[in-house]
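Chain by chain, the residues:
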Amino acid sequence: MNRLKFLRRKKHLTQQQLSKELKKRNIKVSVALISSYEQEKIPFNKEKLQKIANYFDVSVNYLTGRWSPVNKIDNLNRDFFVLCHD
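This text gives an overview of the structure that appears in the document. Please read all numbers here as calculations on a predicted model, not as lab measurements.

What about helix α2 (residues 15-24)?
At 3.6 residues per turn, the α-helix brings residues three or four places apart onto the same side.
Stage number 1. Those residues of α2 lying buried are Q15, L18, S19 and L22. Each buried residue of α2 sits inside an arc of 100° when the element is viewed along its axis, so together they form one side. More than 90 degrees from the buried face of α2, the exposed residues found are K20 and K24.
Stage number 2. On the buried face of α2, the contacting elements are α1 (3-10), α3 (31-38) and α4 (46-56).
Stage number 3. Note on α2: the residue one or two positions beyond its end, N26, has a positive phi of about 60°.

Right, here's the structure in full:
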């Protein structure tokens, strides 16, 4: 699932509600644009991307799928295992 969609659903927001919430914070993102981002029809606008990431309190890399907490934990576990078994 797209990270934007995941985060939106986690807050129990519809696309329309998210659009209104963002508008309150001077982030103009239409319902159609949110839908396009969630369906990955178009890439994020860089300026809006940072603002949306800030709204959800996540990094841009997380929002765009370039970073995953699972991958980071796996890497930390692997590094810890290597350190303990040297």
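Still more ground to cover, so stick around.
Some details on the nonpolar core
Stage number 1. Counting 19 residues, the largest nonpolar core has L4, L18, V29, I52 and L63 as the members making the most contacts within it.
Stage number 2. Contributions of two or more residues to this core are made by α1, α2, α3, α4 and α5 (60-63).
Stage number 3. With 5 residues, the top contributor of residues to this core is α4.
Stage number 4. If sequence neighbours within four positions are ignored, L18 has contacts with L4, R8, L13, I34, Y55 and F56.

Some thoughts on the packing of aromatic side chains
For any pair of aromatic rings, geometry is given as the distance between the ring centres together with the angle between the planes.
Stage number 1. Inspection of the entire model under this criterion finds 2 aromatic pairs.
Stage number 2. Considering the side-chain rings of Y55 and F56, the 4.8 Å spacing of their centres and the 80° angle between planes classify their relative orientation as edge-to-face.
Stage number 3. On the accessibility criterion, F56 (8% relative accessible area) is buried.
Stage number 4. The positively charged end of R3 is found above the aromatic ring belonging to Y62, 4.2 Å away from the centroid.
Stage number 5. Over the aromatic face of Y55 sits the side chain of K11, whose NZ or CZ is 4.7 Å from the ring centroid.

About the criteria used
- Residues numbered from 1 in each chain as written.
- Predicted model: local features only at pLDDT ≥ 70, side-chain atom pairs only at ≥ 80, totals over all residues.
- Heavy atoms only, no water.
- Buried < 20%, exposed > 50% of the residue type's maximum accessible area, 1.4 Å probe, protein only.
- Helix = DSSP H or I, 4+ residues; strand = E, 2+ residues; numbered from the N terminus.
- Arc of directions from axis to C-beta.
- Contact = heavy atoms within 4.5 Å.
- Core = buried A, V, L, I, M, F, W, Y, C linked by side-chain atoms within 4.5 Å.
- Phe/Tyr/Trp six-rings, centres within 6.5 Å; stacked < 30°, edge-to-face > 60°.
- Lys NZ or Arg CZ within 6 Å of the ring centre and 35° of its normal.

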